[in-house]
Amino acid sequence: MLYAVSSRVGVRMDSGLCAERTARLLLLVAAVLPVFQAQTVTVDDSVSGFISTDVILSCTFVNNNPNIKITQVTWQKATNGSKQNIAIFHPSMGVSVLPPYQDRVSFKNPSLDDATIQLTNLELLDEGVYICEFATFPTGNRESQVNLTVFAKPVIDADLSPSPIIARTGHPGKIVVATCTSANGKPPGIITWETKVNGETVVKESRNQNGTITVTSQYLLVPSREAHRQPLTCVVNYQMDRTTKVLMLNVQYEPEVTVEGFDGNWYLNREGVRLTCKADGNPPATKYNWKMLNGSLPVNVEPQNTTLLFKGTVTYDLAGTYICEATNAIGTRSGLVEVNITESPQIPKSDKDKARVRHDLDNSGNGSNIPLIGGIVGGAVLILLIGVIVFIVLRKRQQTFKGDYNTKKHVFGNGYNKAGIIPPAPQHIPYQEESDEDKKPSPMNVSYENERKVMRDGADFDVDSKRPYFTVDEGDTQEDFDDQTLSFQYQPDLTEDMVSQNDGSIISKKEWYV
């Protein structure tokens, strides 16, 4: 029984001891906590750099408690869950850098409160998490970590296809004409193309063992003559940098052939004419062949590579279609021209053509006859003009009225019959004497000239009765006048021979010529 009591007393004694120890521990924590809060390790959040460049890893220690002592500074790298020492600074033992960083890591200002280091000649393997640790007494170790990123600027290159770019007729398929590469980049570069030539791109990416990426872009197009010598620019954008590579397309194609030299004015006896074969090919044409479309070349025509020389003067035998065939390493193409021969020079359209025709004529045998021919043509034109003028004058004179309107009074339109008054008549009827020119018979009215001759000789005056009008003498009475008026009847078709006068009268065309 006493044992039991003793046991309970012992338990009570152990419980009191535990409470005392707990109280002491709480007092110790309360005393140490401000010390921990006064100790700070400061580093950068992240640092980056390119391969082969240098970076600075900053690390400082803040200690406001003089009772805390720093015993050592250490840099480490986290690798696969473990820590690898890189560099150590001990107040008494100095600086120590471990392999493989012996030649690339150094303390900027080694001390117990500044552990900043410099890492030179960066490598891709340097990328990772770095830890800056301060060993203190009696509080233990204090640390912070920083992330290091290593970039790799890509190596940019652009080249044309090593195979010849050939534009072949009947082969319109697309081929690779250029390749642009952004190699070993981290991060990878972005490739684009700038060109006026229509095409398409094919992009490929590959990851390298060291973590970099290589990007390849191919440009495809259908080779053509128009694409030759066109610029093709590869553009690589990497972060804030923009790099360009300009390529010049080299497309090979068959010759494009044209024949020059025929100006449309090849005439007989012209000299010094020739035809020239123009071949635009890549590579240049090395062989030229001249021929006629139907038959062989004339005997006085001599091929001289790109030129077809015509010896002597131009003849009709030179007319025809001339063909030039040009050949290069890609193929053979031809061009043609149809030559026409004229008897005389065509009218020049420009001063240059006039000068050329004048030069050709001066150098030919017919050049000296030009002034004579010009004089003959000019004289003929002048004579023809004079003849036309003389004909018009004579015709006007033949149509001029020769008599006196007052000698005969016409029934129609003279105004007298309206009032019933017969004006006094002269004793005789005068007629104007005709000139020699007037006596010539008119080709338009030969028969009427014969009638005039009869009247002039006084042999027969009854001719007036045959005319489509009648005259009234002054001695006729009004009754006779009325009888004649009533008895005379016009034929409907005779009115077309009447001529209207300025005084309102109407006379026949025959009387007009009297």
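Quick caveat, the model's predicted, so the values are computed rather than measured.

Trainee: I'm lost on the overall build of the protein in this one. Help?
Mentor: The number of helices and strands found in the protein is eight helices and 32 strands. For the protein, the residues scored as buried account for 31% of the 514 residues in total. Long-range pairs, those at least 24 residues apart, make up 60% of the contacts in the protein between residues at least 6 apart in sequence. Counting every atom, the protein has about 32300 Å² of accessible surface; 54% of that belongs to carbon and sulfur.

Trainee: Can you walk me through the environment of Ile51 in this structure?
Mentor: Following the sequence through the fold, Ile51 ends up in the loop between strand 2 (46-50) and strand 3 (55-57). Assessed through its relative accessible area of 33%, Ile51 is described here as partly exposed. When the C-alpha atoms of Ile51 and Val150 are compared, they prove to be 6.4 Å apart, with 99 residues separating the residues in sequence. Once residues lying within four places of it in the same chain are set aside, the contact partners of Ile51 are Leu122, Leu124, Val150, Phe151 and Ala152.

Trainee: Explanation requested: the side chain of Thr212 in the structure shown.
Mentor: With respect to the secondary-structure elements, Thr212 resides in the loop between strand 16 (200-207) and strand 17 (213-221). What makes Thr212 buried here is its relative accessible area of 1%. Polar contacts involving the side chain of Thr212 include one to the side chain of Asn208, which spans 2.7 Å. At a separation of 2.7 Å, a polar atom in the side chain of Thr212 contacts the side chain of Asn210. With near-sequence residues (within four places) excluded, Thr212 lies in contact with Leu124, Ala152, Asn184, Gly185, Lys186, Ser206 and Arg207.

Trainee: Please explain the environment of Gln76 as it appears in this structure.
Mentor: Here Gln76 lies in strand 5 (residues 69-79). Relative accessible area serves as the criterion here: at 9%, Gln76 is assigned to the buried category. A sequence separation of 54 residues divides Gln76 from Tyr130, and the C-alpha atoms of the two residues are 5.7 Å apart. Filtering out sequence-adjacent residues up to four positions away, Gln76 remains in contact with Lys83, Gln84, Asn85, Ile86, Val129, Tyr130, Ile131 and Glu133. A distance of 2.8 Å separates a polar atom in the side chain of Gln76 from a polar atom in the side chain of Asn85.

Trainee: What should I look at first to understand the confidence of the model for the protein in this one?
Mentor: For any part of a model where pLDDT is low, the fine detail of the predicted coordinates should not be relied upon. Of all residues in the protein, 64% have pLDDT values of 70 or greater, and the mean over the chain is 76. Overall, residues 364-372 carries pLDDT values under 50, and its contacts beyond four positions in sequence, including any with other chains, amount to six contacts.

Trainee: Hey, could you run me through the sheet that holds strand 14 (residues 175-185) in this one?
Mentor: Within a sheet, neighbouring strands are paired by backbone hydrogen bonds and run either parallel or antiparallel to one another. Taking strand neighbours across the sheet as the criterion, the four strands line up as 12-14-17-16 in an open arrangement whose pairing is antiparallel. Because the sheet does not close on itself, it has two edges, and the strands there are strand 12 (155-160) and strand 16. Here the strands of the sheet are splayed against their neighbours by 15° on average, with no regard to which way each runs. Bridge count between strand 14 and strand 17: eight bridges; the pairing is antiparallel. The partner of Thr181 across the bridge, within strand 17, is Thr216.

Trainee: Sorry, what's going on with the pairing of strand 6 (residues 82-90) here?
Mentor: With seven bridges connecting them, strand 5 and strand 6 associate as antiparallel partners. Considered in strand 6, the bridge of Gln76 is made with Asn85. Count of turn residues in the strand 5/strand 6 antiparallel hairpin: two residues, of which Asn80 carries a positive phi of about 55°. Note that strand 6 and strand 7 (residues 94-97) share four bridges and pair antiparallel. The residue of strand 7 that forms the bridge with Phe89 is Val95. Remark: three residues form the turn of the hairpin made by strand 6 and strand 7, two consecutive strands paired antiparallel.

Trainee: Explain the packing of aromatic side chains here, please?
Mentor: Any two aromatic rings considered together are summarised by their centre-to-centre distance and by the angle between their planes. By the definition in use, this model includes eight aromatic pairs. Judged by centre distance (6.4 Å) and plane angle (55°), the ring pair of Phe89 and Phe107 falls under tilted. Of this pair, Phe89 sits in strand 6 while Phe107 sits in strand 8 (residues 105-107); the two residues are 18 residues apart in sequence, bridging distant segments of the chain. With a centroid separation of 5.5 Å and an interplanar angle of 75°, the aromatic rings of Phe310 and Tyr322 are classed as edge-to-face. Of the two residues, Phe310 is situated in strand 25 (residues 307-310) and Tyr322 in strand 26 (residues 320-327); the sequence distance between them amounts to 12 residues.

Trainee: Would you mind going over the nonpolar core with me for this structure?
Mentor: Generally speaking, a soluble globular protein has its nonpolar side chains buried in company with each other. Counting residues in each nonpolar core, the largest one holds 29 residues, and the members touching the most others are Trp75, Tyr130 and Phe134. Residue contacts for Tyr130: discarding those within four places in its chain leaves Leu57, Trp75, Gln76, Lys77, Ile86, Tyr101, Leu119, Ser144, Gln145, Val146 and Leu148. By size, the runner-up hydrophobic cluster in this structure holds 22 residues, among which are Ile156, Ile165, Ala167 and Val251.

Trainee: Teacher, can you tell me more about the state of the cysteines here?
Mentor: Two cysteines, two sulfur atoms, one covalent bond between them: this is a disulfide. Enumeration according to the criterion identifies three disulfides in this entry. Across a sulfur-sulfur distance of 1.8 Å, Cys59 and Cys132 are joined as a disulfide pair. Across the S-S bond of Cys59 and Cys132 the torsion is about -85°, and the bridge reads as left-handed. Within this pair, whereas Cys59 is found in strand 4 (residues 59-63), its partner Cys132 is found in strand 10 (residues 128-137), the two being separated by 73 residues in sequence. Grouping residues by exposure puts Cys59 and Cys132 together as buried. The disulfide that involves Cys277 links it to Cys324, with 2.0 Å between the sulfurs.

Trainee: Honestly, a nonpolar patch on the surface in this entry has me stumped. Any pointers?
Mentor: A cluster of nonpolar residues, Leu382, Leu385, Ile386, Ile389, Val390, Val393 and Leu394, forms a patch on the protein surface that exposes about 600 Å² of accessible area. Within the secondary structure, Ile389 sits in helix 3 (residues 370-398).

Cut-offs applied
- Residues numbered from 1 in each chain as written.
- Predicted model: local features only at pLDDT ≥ 70, side-chain atom pairs only at ≥ 80, totals over all residues.
- Heavy atoms only, no water.
- Helix = DSSP H or I, 4+ residues; strand = E, 2+ residues; numbered from the N terminus.
- Buried < 20%, exposed > 50% of the residue type's maximum accessible area, 1.4 Å probe, protein only.
- Contact = heavy atoms within 4.5 Å.
- Areas by Shrake-Rupley, 256 points an atom, 1.4 Å probe, with all protein chains shown as cover.
- Polar contact = N/O pair within 3.5 Å; in protein donor to acceptor, adjacent residues only side chain to side chain.
- pLDDT = per-residue confidence, 0-100.
- Pairing = 2+ DSSP bridges.
- Axes fitted to C-alpha atoms, helices over the stretch in contact; angles between N-to-C directions.
- Phe/Tyr/Trp six-rings, centres within 6.5 Å; stacked < 30°, edge-to-face > 60°.
- Core = buried A, V, L, I, M, F, W, Y, C linked by side-chain atoms within 4.5 Å.
- Disulfide = S-S within 2.5 Å.
- Patch = residues over 30% accessible without salt bridge, like charges linked within 9 Å, V, L, I, M, F, W, Y side chains within 5 Å.
- Salt bridge = Lys/Arg side-chain N within 4 Å of Asp/Glu carboxyl O.

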